[in-house]
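Read off the chains here:
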Amino acid sequence: FWVVPAVEVKIEVVIPEKERSKEEMSPNGKASPLIYKVNGTARHYHLEEHPIASNPYHNPKDVVEASVCHVKDLENGQMREVDLGCGKALLIKENGEFHAVGHKCPHYGAPLVKGVLSRGRVRCPWHGACFSIGTGDIEDFPGLDSLHRFQVKIEKEKVYIRASKQALQTQRRTKMMAKCISLSNYNLSSTNVLIIGAGAAGLVCAETLRQEGFSDRIVMCTMDRHLPYDRPKLSKSMDSHPEQIALRPKEFFCTYDIEVLTEMQVAAVDVKSKIAVFKDGFKMEYNKLLIATGNTPKTLSCKGKEMENVFNIRTPEDANRVVKLATSKNVVIVGASFLGMEVAAYLAERAHSVSLVELEHVPFKKFFGERVGRAVMKMFENNRVKFYMQTEVSELREQEGKLKEVVLKSGKVLRADVCVVGVGAVPATGFLKQSGINIDSKGFVVVNKMMQTNIPGVFAAGDAVTFPLTLRNNKKVNVPHWQMAHMHGRIAALNMLAHGTEISTVPYLWTAMFGKSIRYAGHGEGFDDVVIQGDLDELKFVAFYTKSDEVVAVASMNYDPIVSKVAEVLAAGRTIRKRDVDAVVFLSFRTGDMSWLTGKGS
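Since the structure is predicted, the reported quantities are computational estimates derived from the model, not experimental observations.

**A short note on the pattern of salt bridges**
Part 1 of the argument: Summed over the entire model, instances satisfying the criterion amount to 24 salt bridges.
Part 2 of the argument: In this structure, aspartate 73 and arginine 80 form a salt bridge, with 3.9 Å as the shortest nitrogen-oxygen distance.
Part 3 of the argument: Judged by relative accessible area, aspartate 73 falls into the partly exposed class, the value being 36%.
Part 4 of the argument: Judged by relative accessible area, which is 32%, arginine 80 ranks as partly exposed.
Part 5 of the argument: A salt bridge links arginine 123 to glutamate 568, with the nearest nitrogen and oxygen atoms 2.8 Å apart. Here arginine 123, found in strand β8 (residues 121-123), pairs with glutamate 568, found in helix α10 (residues 562-571); they are 445 residues apart in sequence, far enough to count as distant.
Part 6 of the argument: What emerges from the salt-bridge pattern is a single network uniting Arg119, Arg121, Arg123, Glu139 and Glu568.

Right, dumping it as structure tokens:
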């Protein structure tokens, strides 16, 4: 540590004692194996020479110190992005104290200086991830990594930051984790923690267990052929290859002894014997179980649904194949869902034509309301997307075995070389029907605020669950958002370790179309009015969704960081009334005044 006189305040990248450089080999003398299935064959990979770099801050040549401002340059509640010569940091003043952390969100690189500072944390303006200003630790999602924390000192009325050059350049910090005590001694058919599903919920659960010091065996299994990847990019960036969107590299799983069984499907769970039975007959005993299987896309029920060139986008290969086949061809997308609309936007400049078929009369009506839906629809029409609303597909016709036409119930016949189906999804929980685990009438696993099912030791998380949402007076809801899946996984892990932690996060999502994003926070199901500020025609607006005079959700386009600001209000347990909307927009966006968040303002 950097020793200074008592009158000075210093900030340096601080590594907690338990996170300092450790021997990177497992206790058995070798890096632990990653069970990774390729084409149905189980293979063991050993990582022999990939230790994590030792603490970079022990090297004096790696440290830079710079004066960044005068102490009076920042008021309480203000943030400033400052340049240290070899990289930038985010300087923050709150409650009279200065803090410095990384300036970019580790998720997608958003500038945190444009985010929201409240209650000792900064919230990303783009997708809502939250980081402690005291430690840099991630507190809400999406994303997996935390921020670096830098040392600050005040000397002669000037603020200095001292930081590692490497930390300034990487702008992200992976929390150190425990490893399995002796993986080589385990029976392959027995594990302490079994995680069914390798999406965001499953991965965050595994990482959280290791971050909390859990050193027993963890096995994740997935029907997918890939290690966990950034699933939202399948429709937002369709030509991305699996390795480009991987959430963690293969070496990460080896280093932290998180085993992954790919192309493995669980067919049944015996909760009395604590055994999961796989489709190929393999059985695995567990002590704690997480069900994080997500959803299964719905398919069409019409004639021709099984023919070639008809896709449900579920994997990177699906997305890549659609892009290849759609280039300069005719595409029909069935369903104006988030997936359908994002695919339409992505293919609009690549395909010869893009047609979108939808039962409703405007897209997103149930989610964003009719006025916002019409504004989005107009944006799509201006980008050559043709809508066929209030109709369904009655038949898919082929020529020489390949899709040729899509016939609508309205009688219209559309030329089609490729068809993408985005008509919703159902929870992938069929294998649990005889298990005794509580499943509701729609197939969702029912959990409490600690992600616990009705069976002791069995937890569930992600798109396949309903849980009590604090924001809506603990109403049981299903929230199939990427951010929420992360938080579910973390809460489940903490409660596997008997922490007694309840979920209280505010749902946050985003969609990207034609280079523009709609951000959304809250849970607007059942809203009865929409209050809109801004200009829908110019696609610069904020929409407040209300139910019985209370704001339950907010959406915006080109109005950052209003959604993150409202998310912080809701996260603090405060209520926004319909009559307060004008003041919220004026105080938070136009003046930058954040006092209304803390209750100090009028």
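Let's pick the thread back up.
**Some details on the environment of glycine 335**
Part 1 of the argument: By the secondary structure assignment, glycine 335 is in the loop between β22 (330-334) and α6 (338-347).
Part 2 of the argument: What makes glycine 335 buried here is its relative accessible area of 4%.
Part 3 of the argument: For the pair glycine 335 and leucine 359, spaced 24 residues apart in the sequence, the C-alpha separation amounts to 7.6 Å.
Part 4 of the argument: If we ignore the near neighbours within four places in the chain, the residues touching glycine 335 are Gly340, Leu356, Val357, Glu358, Gly422 and Val423.

**A word on a positive patch on the surface**
Part 1 of the argument: A cluster of basic residues, Arg321, Lys324, Lys329, Lys402, Lys404 and Arg415, forms a positive patch on the protein surface.
Part 2 of the argument: Secondary-structure elements contributing two or more residues to the positive patch are α5 (316-326) and β26 (402-408).
Part 3 of the argument: Relative to the helices and strands, arginine 415 is located in strand β27 (residues 413-415).

**Describing helix α8 (residues 370-381)**
Part 1 of the argument: If you check α8, its first and last C-alpha atoms are 16 Å apart, about what 12 residues at 1.5 Å a residue would give, namely 16 Å.
Part 2 of the argument: All of the buried residues along α8 are Val372, Gly373, Ala375, Val376, Met377, Met379 and Phe380.

**A few points about the nonpolar core**
Part 1 of the argument: If you look at the biggest cluster of nonpolar residues, it comprises 102 residues, and the most contacted ones within it are Leu194, Val269, Leu290, Phe467 and Phe544.
Part 2 of the argument: In this structure leucine 194 touches Val219, Cys221, Ala276, Met284, Tyr286, Lys288, Leu289 and Leu290, once residues within four positions along its chain are discounted.
Part 3 of the argument: Core analysis: the second largest hydrophobic core is formed by 52 residues, Tyr229, Phe387, Phe541 and Ala543 among them.

**Considering the pairing of strand β32 (residues 465-469)**
Part 1 of the argument: Of all 5 residues that make up β32, 5 are buried, and the element is covered over most of its length.
Part 2 of the argument: Where strand β30 (residues 445-446) and β32 come together, 2 bridges link them in parallel fashion. When the bridges of β32 are listed, valine 445 appears paired with valine 465.
Part 3 of the argument: Of the strand pairs in this sheet, β32 and strand β33 (residues 475-477) are connected by 3 bridges, and their pairing is antiparallel. Following the sheet pairing, leucine 469 is matched in β33 by lysine 475.
Part 4 of the argument: Taking the residues between adjacent antiparallel strands as the criterion, β32 and β33 are bridged by 5 residues, where asparagine 473 takes a positive phi near 55°.

Conventions we followed
Residues numbered from 1 in each chain as written. Predicted model: local features only at pLDDT ≥ 70, side-chain atom pairs only at ≥ 80, totals over all residues. Heavy atoms only, no water. Salt bridge = Lys/Arg side-chain N within 4 Å of Asp/Glu carboxyl O. Buried < 20%, exposed > 50% of the residue type's maximum accessible area, 1.4 Å probe, protein only. Helix = DSSP H or I, 4+ residues; strand = E, 2+ residues; numbered from the N terminus. Contact = heavy atoms within 4.5 Å. Patch = residues over 30% accessible without salt bridge, like charges linked within 9 Å, V, L, I, M, F, W, Y side chains within 5 Å. Areas by Shrake-Rupley, 256 points an atom, 1.4 Å probe, with all protein chains shown as cover. Lys, Arg positive; Asp, Glu negative; His and termini not counted. Charge placed at Lys NZ, Arg CZ, Asp CG, Glu CD. Expected span 1.5 Å × (residues − 1). Core = buried A, V, L, I, M, F, W, Y, C linked by side-chain atoms within 4.5 Å. Pairing = 2+ DSSP bridges.

Shape descriptors only; they carry no functional weight alone.
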